[in-house]
Amino acid sequence: DQISAVDMGYIFEELVRKFSESYDEQAGAHFTARDIIYLMAEVLVAPHRAKIAEEGVTASMYDMAMGTSQMLDCLSEKLREIDPEAELTEFGQELNEQTFAIAKANMLIRGGDAENMQHGNTLSDDRFDGYKFDYIISNPPFGIEWKNEKNAVEAESKRGEAGRFGAGLPAIGDSQQLFVLNGVAKLKDTGRMAIIQNGSPLFKGDAGSGESNIRGYLLEHDWLEAIIQIPNDMFYNTGIATYIWVVTKDKAVERTGKVQLIDASRCCVKRRKPIGNKRNEFTDECIHLVMQAYNAFKDGLYRDEANGMEVEVKIKDNDDFKFSKVVVERPLTDPDGNPLLKKGKPQADSSKRDSETIPWKESVAAYMEKNVYPYTPDAWIDEKKTKIGYEIPFTREFYKYVAPRKSEEIFAVLQELEKRETELMAKIMGR
């Protein structure tokens, strides 16, 4: 009667935060604050909101790294706000025994099916093989090795489309993208997923690598709908830059072939008192502004002048993130500088070998004519070594050039500082 459900949630989160710190949890295994989850829930239900309000909803939802199941609870709460009679079924899997026990107890207390809360390693011991879900919401660990799961994951990868990991395998040091693939495999054809990741999955891995191929898998199937950068210092146990990836197999017509990049890094409110590393939070106004930008689906800057917040949006084609990685060869030459030939063809000098990254939308021939041949007219591309890559340079898309101060201005400031220093020294020395 005295404490609201939201405040009770924060009290609970504070207890879990202290619990995780006392057990020295790895940096990536952090707890997700409710304000972040509420934004994820809003994005998940946004395209269906009107239909849910009119027709009601029956839906299944899943969290592959559920912790104490708070993300599932918040998503259920959001859906019941729209349809109080919503028929919702929650499913989750969790590796940590203590947090799993809390999630299962939570389900028992609320009268749900506790068997839907499963304990085990999602990557190597999938307890929901063959299941498909309407909504997936998750915050898997960042930068955690999958060395212990290596045999099981590689075996499943060899099954191709019959398994979860046929698209590719990331480097052994970070399992984030494996969780993404797990989620994609479990989405219904009309399903939607919101999953939190750090910056690495945007760009890590060169053309032909597992990381690049996983990005390509999402882009070539046109399943990546949006990426939202949230502010730093939003989590209790880490302050790093984080992103919400929105994945769906049922894009709206106007979003076909497009990815919406949303920079919400300047859309937050400073907490009066930090909780661990959490110094910033989303208020209702923050979430409203992000959703305004998401729903508008147009390039531009969206501002809330009253609260000093802004969100910027860039709409990109899927192919903007695709590139060719070509190997450029130059010939071996004799002492006179003439190319050495074999069967009438110049032989490549490996010491002069180079590579070029060429945007997919740009002609390779035109790129070479402009950027390579004017400087090395004897160069050629080894077509057999060309690879296709995918990278999402989120930060570069929103980079703003700030001109450095003029030298005259800097010199004037230095002169003023020197003058003040002289005056201070005179006072100190009693002159």
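These numbers were taken from a predicted model, which means no experiment stands behind them.

Student: Could you clarify how one ought to interpret the packing of helix H2 (residues 34-45) against helix H4 (residues 70-82) in this entry?
Tutor: Any two packed helices are characterised by how steeply their axes cross, that is the angle between the axes, and by the distance between the axes. Relative orientation of the contacting elements H2 and H4 amounts to 50°, with a least axis distance of 9 Å. Our classification of the angle between H2 and H4 gives oblique. Crossing handedness for the pair H2 and H4: right-handed. The residues of H4 that touch H2, namely those facing Arg 34, Ile 37, Tyr 38, Met 40, Ala 41, Glu 42, Leu 44 and Val 45, are Gln 70, Met 71, Cys 74, Leu 75, Glu 77, Lys 78, Leu 79 and Ile 82. A class-by-class count of the residues in the contact of H2 with H4 yields eleven nonpolar, one polar and four charged.

Student: Looking at this model, I keep getting lost on the packing of aromatic side chains. Mind explaining?
Tutor: Each aromatic ring pair is described using two quantities: the centre-to-centre distance and the angle formed by the ring planes. For the coordinates displayed, the defined rule picks out eleven aromatic pairs. Where Phe 128 meets Phe 133, the ring centres are 6.3 Å apart and the plane angle is 75°; that geometry is what we call edge-to-face. Look at Phe 128 and you get buried, because its relative accessible area is 2%. Measuring from ring centre to ring centre gives 5.2 Å for Tyr 243 and Phe 394, while their planes differ by 70°; the resulting arrangement is edge-to-face. Placement of the pair is Tyr 243 in strand E7 (residues 242-248) and Phe 394 in helix H12 (residues 394-397), with a sequence separation of 151 residues. Of the two residues, Tyr 243 and Phe 394, both sit in the buried class.

Student: Would you mind going over the nonpolar core with me for this structure?
Tutor: Core analysis: the largest hydrophobic core is formed by 55 residues, its most contacted members being Leu 39, Leu 75 and Ile 244. The leading source of residues in this core is H2, at nine residues. The residues contacting Leu 39, other than those within four sequence positions of it, are Ile 230, Ile 244, Phe 282, Ile 287, Val 290 and Met 291. Among the nonpolar cores identified, the runner-up in size contains 35 residues, and Ile 136, Leu 202, Leu 219 and Trp 245 belong to it.

Student: Is there a simple way to think about the sheet that holds strand E12 (residues 309-317) in this case?
Tutor: Backbone hydrogen bonds hold the strands of a sheet together, and the pairing may be parallel or antiparallel. Across the sheet, which stays open at both edges, the ten strands sit in the order E3-E2-E1-E4-E5-E7-E6-E8-E12-E11 with mixed pairing between neighbours. Taken across any chain shown, the strands that pair with only one partner, and hence form the sheet edges, are strand E3 (117-119) and strand E11 (300-304). On average, adjacent strands in this sheet sit at an angle of 15° to one another, irrespective of strand direction. Where strand E1 (residues 58-63) and strand E2 (residues 87-94) come together, six bridges link them in parallel fashion. Bridge assignment links Met 61 to a residue of E2, and that residue is Glu 90. Across the sheet, helix H7 (residues 176-185) lies against E1, strand E4 (133-138), strand E5 (187-198) and E7, angled at about 165° from E5, the strand it touches most.

Student: So what exactly am I meant to see when it comes to helix H5 (residues 97-109) here?
Tutor: Spacing of three or four residues puts side chains on the same side of an α-helix, whose turn is 3.6 residues. With 13 residues, H5 should cover 18 Å at 1.5 Å per step; its first-to-last C-alpha distance of 18 Å lies within 8% of that length. The N-terminus of H5 is capped by Asn 96, whose side-chain oxygen sits 2.9 Å from the backbone nitrogen of Gln 98. Directly after H5, the chain includes Gly 111, whose backbone phi takes a positive value near 80°.

Student: When you look at the pairing of E4 in this model, what are you seeing that I'm missing?
Tutor: Every other side chain in a regular strand lies on the same face of the sheet, so the side chains alternate between the two faces. Of all six residues that make up E4, six are buried, and the element is covered over most of its length. With two bridges joining them, E1 and E4 adopt parallel strand pairing. Within E4, the residue paired with Met 61 across the bridge is Tyr 135. Pairing geometry for E4 and E5, over five bridges, is parallel. Counterpart to Ile 137 in the pairing with E5 is Ala 194.

Student: I would appreciate a short explanation of the pattern of salt bridges in the present structure.
Tutor: Counted under the stated rule, the structure contains 34 salt bridges. Notably, a salt bridge pairs Glu 42 with Lys 78, separated by 2.8 Å at the nearest N-O pair. Of this pair, Glu 42 sits in helix H2 while Lys 78 sits in helix H4, and the two are 36 residues apart along the sequence. You'll find Glu 42 and Lys 78 in the same group, each marked buried. Salt bridges sharing common partners tie together Asp 263, Arg 266, Arg 303, Glu 310, Glu 312 and Lys 400.

Reading guide: rules and limits
Residues numbered from 1 in each chain as written. Predicted model: local features only at pLDDT ≥ 70, side-chain atom pairs only at ≥ 80, totals over all residues. Heavy atoms only, no water. Axes fitted to C-alpha atoms, helices over the stretch in contact; angles between N-to-C directions. Helix = DSSP H or I, 4+ residues; strand = E, 2+ residues; numbered from the N terminus. Parallel < 35°, antiparallel > 145°, perpendicular 65-115°, else oblique. Left-handed = near helix turned anticlockwise from the far one by under 90°. Contact = heavy atoms within 4.5 Å. Nonpolar A, V, L, I, M, F, W, Y, C, P; charged D, E, K, R; others polar. Phe/Tyr/Trp six-rings, centres within 6.5 Å; stacked < 30°, edge-to-face > 60°. Buried < 20%, exposed > 50% of the residue type's maximum accessible area, 1.4 Å probe, protein only. Core = buried A, V, L, I, M, F, W, Y, C linked by side-chain atoms within 4.5 Å. Pairing = 2+ DSSP bridges. Expected span 1.5 Å × (residues − 1). Polar contact = N/O pair within 3.5 Å; in protein donor to acceptor, adjacent residues only side chain to side chain. Salt bridge = Lys/Arg side-chain N within 4 Å of Asp/Glu carboxyl O.

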